[in-house]
Structure formats: structure tokens, C-alpha cells
Amino acid sequence: MNRTVLNSLLLAAGFVGATAIILYTMGQPLICKCGYVKLWHGVVISSENSQHLSDWYTPSHIIHGILFFGLFTLLLKKASLNLRLALSLTLECAWEILENTDMIINRYRESTISLDYFGDSVINSSADILAMVVGFFLAARLPVRASVAIIVVFEATTTWLIRDGLALNILMLAWPLEAVKAWQGG
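Cut-offs used in this document
- Residues numbered from 1 in each chain as written.
- Predicted model: local features only at pLDDT ≥ 70, side-chain atom pairs only at ≥ 80, totals over all residues.
- Heavy atoms only, no water.
- Axes fitted to C-alpha atoms, helices over the stretch in contact; angles between N-to-C directions.
- Helix = DSSP H or I, 4+ residues; strand = E, 2+ residues; numbered from the N terminus.
- Parallel < 35°, antiparallel > 145°, perpendicular 65-115°, else oblique.
- Left-handed = near helix turned anticlockwise from the far one by under 90°.
- Contact = heavy atoms within 4.5 Å.
- Nonpolar A, V, L, I, M, F, W, Y, C, P; charged D, E, K, R; others polar.
- Buried < 20%, exposed > 50% of the residue type's maximum accessible area, 1.4 Å probe, protein only.
- Salt bridge = Lys/Arg side-chain N within 4 Å of Asp/Glu carboxyl O.

### Some points on the packing of helix 1 (residues 3-25) against helix 5 (residues 122-141)
At a minimum axis distance of 9 Å, the contact between helix 1 and helix 5 shows a crossing angle of 150 degrees. Classified by the interaxial angle, the pair formed by helix 1 and helix 5 is roughly antiparallel. Considering how the two elements wind past one another, helix 1 and helix 5 form a crossing that is right-handed. For the pair helix 1 and helix 5, contact is made by S8, A12, V16, T19, A20, L23 and Y24 and by V122, S125, S126, I129, L130, V133 and F137, respectively. Its residues assigned to classes, the contact of helix 1 with helix 5 comprises 10 nonpolar, four polar and no charged.

Here it is in C-alpha cells:
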């Protein structure tokens, strides 16, 4: 394993570990309160959503990684890959912490169809951060067109299958629309 890859892995592990400790001290459960961990949980409107390793929101975290790679590549053209990764991890981990505050949890519950949302489990947040890292490295290796295609396919798929995705999630948090909420409740 080359030095850059090892440094990237250690960097990601450090950020995931620190965020996991913060989330746990904030009161987030380590795993689903159901008492077990699943690789995939596909029921969006349930108390187990955002509690297992992956779910319908995992693609949005891969998109985060693609977008962060693009952002930091544009802003910091000469920066090392690991500096851009560290900045991306900072944003993603900050979001995972903010997302699990009462302010954001209550906002989701008020402005979206996520009435049973009580925040993410620590294992889900950790997996979300790792999904961002996957997206980051996909964008680092793939042509821009392929990265754009991944974003379009993931957004179209989640919008079609669960009536949600990254763009709708941002919209409903920032500027909730009753028509969108009604459509999502479908």
C-alpha cells in the first residue's frame, strides 16, 4: 500500500472516530435501538431509517464526496489530495454532527415527511462519512462526465423510488414547500 493511500485511510479513520465519539456523547445510539445492525435498510418511513449501515440516503453522501472533490479541486488546484480530503471530511463530519442536533432533527420532523426521525445512529453516521469518502475517490479517479452521471442517476433514482434525494432534502430544510411535502407523502 502506498504512503498516500495509507495517509488517506488514517485521515478518514481519525475523522470517523472523532465524529463517532462526539455523536455518542451527544446521546446518539451506537446502533439501531432495535438491537441489531443491517447492511441495508430500505424502508424510508420507519424508526429504523438512518439507523443501519446503509439506506436510501447513502447515495446522497456519495454525491457529497463528488461535490466536495469538485469544490476543493476548483478552489485549491495545487492542494494535495489529502488536504482536499481533510477539508471534505471536515464538512461531512460537521454536517453529521449538525444533522443530529435537536435543531435539525426538529426541522426534519416539521418540514418533511420524516416524522419518525430522531437522528442517525453512530454507525449510520460513520457509514455516511465513509460513503462520502467513496464519492470523493470516485471523483478523483473518474472523468468529470462520469461523476456528473453518477449524481444524475443517484438523484433521479432516489427521487423516483422514495420521492427524496439530496436536492429535495436541501430544499425542504432550507425552504419547505407544502406541495413538495404532500407529494413526498404520496
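Here the narrative resumes, following the displayed structure.
### Considerations on the environment of T158
Structurally, the position occupied by T158 is in helix 6 (residues 144-162). Considering only alpha carbons, one finds T158 and L168, 10 residues apart in sequence, at a separation of 10.0 Å. Those residues in contact with T158 that sit more than four places away from it in its chain are W56, P59, R163, D164 and G165.

### A closer look at unusual backbone geometry
Even without a glycine there, the phi angle at S50 is positive, about 65 degrees. At R163, a residue that is not glycine, the phi angle is positive and equals roughly 60 degrees. Its place among the elements puts R163 in the loop between helix 6 and helix 7 (166-174). R163 gets classed as partly exposed once you look at its relative accessible area, which sits at 30%.

### A short note on the pattern of salt bridges
Scanning the model with the defined rule gives one salt bridge in all. The shortest N-O distance in the salt bridge between K38 and E48 comes to 3.6 Å. Of the two residues, K38 is situated in the loop between helix 1 and helix 2 (58-75) and E48 in the loop between helix 1 and helix 2; the sequence distance between them amounts to 10 residues. Given the relative accessible area of 28%, K38 is considered partly exposed.

### Things to note about the side chain of H61
Take H61: it is sitting in helix 2. H61 gets classed as buried once you look at its relative accessible area, which sits at 4%. In contact with H61, not counting residues within four places along its chain, are E92, W95, E96, D128, A131 and M132.

### Here we look at the side chain of N169
Along the chain, the position of N169 falls in helix 7. The residues touching N169, leaving out its near neighbours within four places in the chain, are Y57, Y108 and D164.

Purely geometric numbers; function is a separate question.
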